[in-house]
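# Examination of the molecular architecture
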Amino acid sequence: MLDRQLHRARLISSVAATVISLACGTNYVYSAWAPQFADKLHLTTTESNLIGLAGNLGMYSMGVPVGLFIDHRGPRPAVIAGALLLGLGYFPFRSAFDNASGSVALLCFFSYLSGLGGCMAFAASVKTSALNWPHHRGTATAFPLAAFGLSAFFFSVFGSFFFPGNTSAFLMVLAAGTSGLTFFGFFFLRVFPHTSYHAVPSTTGVSDSQQLRRTSSEDAKAPRRGRGLPDVEPGMSPTNYTTPVTLTQGMGGAEDGLDQEPPSTSRGGSATRPIDVEAARAPHATDEPEDIDETSSLMSKSSSLPGDVLVQNSVDMDRSHRIDIRGWHLLSNVDFWQLFAIMGILAGIGLMTINNIGHDVNALWKRYDDSVSEAFLIQRQQMHVSILSVGSFLGRLLSGVGSDFLVKILGASRAWCLVVASFVFFIAQIFAINIANPHFLGFVSGLSGLGYGFLFGVFPSIVAETFGIHGLSQNWGFMTLSPVISGNIFNLFYGTVFDSHSVVGDGGERSCPDGLDCYRNAYFVTLGACCLGLLVTLSTIRHQYQQRLKEDGKGPAED
């Protein structure tokens, strides 16, 4: 009965995580309103890209401190902070558009706030999903990741349906919708302890005498009483990362995997972790031998004890629970720099199209038919943003579930999903370089979204599998610093290319009459980057395969 209730509660929490993520990906809807915003405020394409890049900067640059905050304080405070920042970020844009004026520096600051708010709430959603479903992490995280990718589609369709051609009203929808959805999801987003981590007394089929173990130990009593009265938010990491002496002696070389218990193991926080595992491994305890009676000693010697199952169940023995690489150790790890390079190259390619698909639409349509109206262009921009978003949604969902299939059924590496992402991006760049008819631009937006989704749908699981689940938020924060660098390079280069072909009208508005040539050279650069990303990905797969063979030869305890 308890298991059923916990299962239902986890499902509700997963739905909340998905709803929150749906509000966090609105940076990618920027292209739906950026051209009109730039025209109203007489901004250049480069200035418009700077505002969009500030949002990406907020989303990615603060990943490390946000991750540390979530790992130590739990996911829920980050959600409420994210709701506040999303509102503070978007409301000034509506005001600036209505007044047709605004400082580029201030607009960049508010864009940064919106990105930071999305980063905080989204990271909390992914961490919660990973903790609540340790057996199916790829599938569980795929849903909030997919919703994040679907965010642009949701808001662009909502805006085009209820406020067609009204950029001011659409900005109000972004401000109220993002903060409102995140605030609503806050009340249902929780981390629940998994049953596979419960202590020995909760397991059936064991003699009642086992419950008499260590009854005189006051140290054991206090943490167990704390389970009913949690002092900390579930999902928090212990502040002390040192491994207890009894654990190190009892588990041999596995201290890397146990120096921090998964945050969902107990509602009592870090104090319960040493007791539960120590109780299961009582024969190895050296600090309280006088507290163990004859019955408990005999019971603890049995290899069929639930305590042994506790330590060696499929969740604990999963590599992501046996290792914990973070901080400075992460920066000296070869796997980190390989994955960092892949993320930077491929994410930068995707971000260039995501942030500039609106400019692509304007350039091609004004060349193809110079009589098109502004409302028609807005509708087309929103359509392509929706196509991008749906492609991202499908890519995230397919790569998340597909990566679990690769690992569990085929015994292959999740990183093969990154090869798929590289190939899809390559095809998208080929189309972008050659398509001059705006009716076929959907191939560029659709494939770019699909590749971007494949990249981000599987990457958190790869990070957790490579460096451990315990520091996922902060490690993911380090990883997402790379798009800050590559995104700036590719987007500013696109702006430079586009501005070099633009002309300024009598009223100060800018437009490019050259069609495909307005941005074609930018896609030649990203085409070369795709080839580089594919080579780095294949090299990473080979390196990880050799590393796993080496680890298997040494034994699982030496990870």
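What you see is a predicted model, and the numbers here were worked out from it, not measured in a lab. (Residues numbered from 1 in each chain as written. Predicted model: local features only at pLDDT ≥ 70, side-chain atom pairs only at ≥ 80, totals over all residues. Heavy atoms only, no water.)

Scanning the chain from N- to C-terminus turns up 23 helices and two strands. Taken across its 559 residues, the chain has 58% of its residues classed as buried. Pairs at least 24 residues apart make up 84% of the contacts formed inside the chain by residues separated by at least 6 positions. (Helix = DSSP H or I, 4+ residues; strand = E, 2+ residues; numbered from the N terminus. Buried < 20%, exposed > 50% of the residue type's maximum accessible area, 1.4 Å probe, protein only. Contact = heavy atoms within 4.5 Å.)

Right, let's talk about empty space enclosed by the protein for a bit. Summed over all chains, the structure comprises nine cavities of 30 Å³ or more. Looking at the largest cavity, its volume works out to about 160 Å³. Every residue lining the largest cavity is counted, 14 residues in all, and those nearest its centre are Asp39, Thr45, His359, Phe498 and Arg510. When residues in the lining of the largest cavity are grouped by element, the largest group, four residues, is from helix α17 (residues 334-368). Residue classes in the lining of the largest cavity are distributed as six nonpolar, five polar and three charged. Lining the second largest cavity we find 15 residues, and of these Met59, Cys119, Phe122, Trp476 and Thr480 sit closest to its centre. (1 Å grid on protein atoms, 1.4 Å probe; cavity = no way out; pocket = protein on both sides within 12 Å on 5 of 7 lines; lining within 4 Å. Points joined across faces, edges and corners; volume = space filled by probe spheres on them. Nonpolar A, V, L, I, M, F, W, Y, C, P; charged D, E, K, R; others polar.)

With that out of the way, let us pick up the nonpolar core. Formed by 117 residues in total, the largest nonpolar core has its most connected members in Trp33, Phe37, Tyr452, Leu455, Phe459, Met479 and Tyr519. Broken down by element, the residue count for this core peaks at 17 residues, all from α17. Sequence-distant contacts of Trp33, defined by excluding residues within four places in its chain, comprise Phe93, Thr167, Phe170, Leu171 and Leu174. (Core = buried A, V, L, I, M, F, W, Y, C linked by side-chain atoms within 4.5 Å.)

On to helix α5 (residues 75-99). With 25 residues, α5 extends 38 Å between its outermost C-alpha atoms, agreeing within 8% with the 36 Å of an ideal straight helix rising 1.5 Å per residue. In the segment just after α5, Ala100 is the residue with positive phi, at about 55°. (Expected span 1.5 Å × (residues − 1).)

The next point concerns the state of the cysteines. What the rule picks out here adds up to one disulfide. The partner cysteine of Cys512 in its disulfide is Cys518, sulfur to sulfur 1.8 Å. Disulfide Cys512-Cys518: torsion about the S-S bond near -100°, hence left-handed. Overall, Cys518 belongs to the buried group, its relative accessible area being 0%. (Disulfide = S-S within 2.5 Å.)

Our next topic: the confidence of the model for the chain. Chain-level statistics for the chain give a pLDDT mean of 75 and a share of 73% at 70 or above. Of the regions scoring below 50 in pLDDT, residues 238-317 engages in 152 contacts with residues more than four places distant in sequence or in other chains. Every residue in residues 555-559 scores below 50 in pLDDT, and together they form eight contacts with partners more than four places removed in sequence or on other chains. (pLDDT = per-residue confidence, 0-100.)

The next point concerns the packing of aromatic side chains. In total, this model carries 28 aromatic pairs according to the counting rule given. Measuring from ring centre to ring centre gives 5.4 Å for Tyr28 and Tyr452, while their planes differ by 75°; the resulting arrangement is edge-to-face. Of the two residues, Tyr28 is situated in the loop between α1 (2-24) and α2 (30-41) and Tyr452 in helix α20 (residues 442-467); the sequence distance between them amounts to 424 residues. A relative accessible area of 0% means that Tyr452 is categorised as buried. For the ring pair Phe183 and Phe187, a centre distance of 5.2 Å and an interplane angle of 90° mean the geometry is edge-to-face. Overall, the relative accessible area of 42% leaves Phe183 in the partly exposed class. Among the aromatic residues, those joined into a cluster by ring pairs are Tyr28, Tyr60, Phe122, Phe148, Tyr452 and Phe456. (Phe/Tyr/Trp six-rings, centres within 6.5 Å; stacked < 30°, edge-to-face > 60°.)

Interaxial distance between helix α3 (residues 45-60) and helix α22 (residues 482-500) falls to 9 Å at its minimum, and their mutual angle equals 170°. Judged by the angle between their axes, α3 and α22 are roughly antiparallel. Taking contact as the criterion, the partners of Thr45, Thr46, Asn49, Leu50, Leu53, Leu57 and Tyr60 in α3 are, on α22, Pro483, Val484, Gly487, Asn488, Asn491, Leu492, Tyr494, Gly495, Thr496, Phe498 and Asp499. (Axes fitted to C-alpha atoms, helices over the stretch in contact; angles between N-to-C directions. Parallel < 35°, antiparallel > 145°, perpendicular 65-115°, else oblique.)

Together, Ile12, Ile80, Phe183, Phe184, Phe187 and Phe188 line one region of the surface with nonpolar side chains, adding up to about 570 Å² of accessible area. Structurally, Ile80 can be placed in helix α5. Ile80 gets classed as partly exposed once you look at its relative accessible area, which sits at 32%. (Patch = residues over 30% accessible without salt bridge, like charges linked within 9 Å, V, L, I, M, F, W, Y side chains within 5 Å. Areas by Shrake-Rupley, 256 points an atom, 1.4 Å probe, with all protein chains shown as cover. Salt bridge = Lys/Arg side-chain N within 4 Å of Asp/Glu carboxyl O.)

Here we come to the side chain of Thr178. Residue placement: Thr178 occurs in helix α8 (residues 167-186). In this structure Thr178 comes out as buried when scored by relative accessible area, which is 0%. At 2.6 Å, the side chain of Thr178 and the backbone oxygen of Leu174 are in polar contact. From its side chain, Thr178 meets the backbone oxygen of Ala175 in a polar contact 3.5 Å long. Once you skip the residues sitting within four places of it in the chain, Thr178 turns out to touch Ala23, Thr26, Leu86, Tyr90, Phe155 and Val173. (Polar contact = N/O pair within 3.5 Å; in protein donor to acceptor, adjacent residues only side chain to side chain.)

Right, let's get into unusual backbone geometry. With glycine set apart, most residues show a phi of negative sign, and most peptide bonds adopt trans. One non-glycine residue, His42, adopts positive backbone phi at about 55°. On the basis of relative accessible area, His42 is assigned to the partly exposed category, the value being 46%. Unusually for a residue other than glycine, Ala100 sits at a positive phi of about 55°. Residue classification places Ala100 among the partly exposed residues on the basis of a relative accessible area of 36%.

Two elements in contact, α5 and helix α6 (residues 104-132), have axes whose closest approach is 7 Å; the angle formed by their N-to-C orientations is 150°. When the interaxial angle is binned, α5 and α6 end up roughly antiparallel. At the point where α5 passes α6, the crossing takes the left-handed sense. Considered class by class, the residues forming the contact of α5 with α6 number 18 nonpolar, seven polar and no charged. (Left-handed = near helix turned anticlockwise from the far one by under 90°.)

Moving on, we get to the environment of His7. Checked against the element boundaries, His7 lands in helix α1. Since its relative accessible area comes to 39%, His7 is described here as partly exposed. His7 sits 185 residues away from Phe192 along the chain, and the two C-alpha atoms are 9.1 Å apart.

What follows covers the side chain of Ser114. Here Ser114 shows up in helix α6. For Ser114, a relative accessible area of 4% translates into the label buried. If near-sequence neighbours (up to four positions away) are discounted, Ser114 is found in contact with Asn27, Leu85, Leu86, Gly89 and Tyr90.

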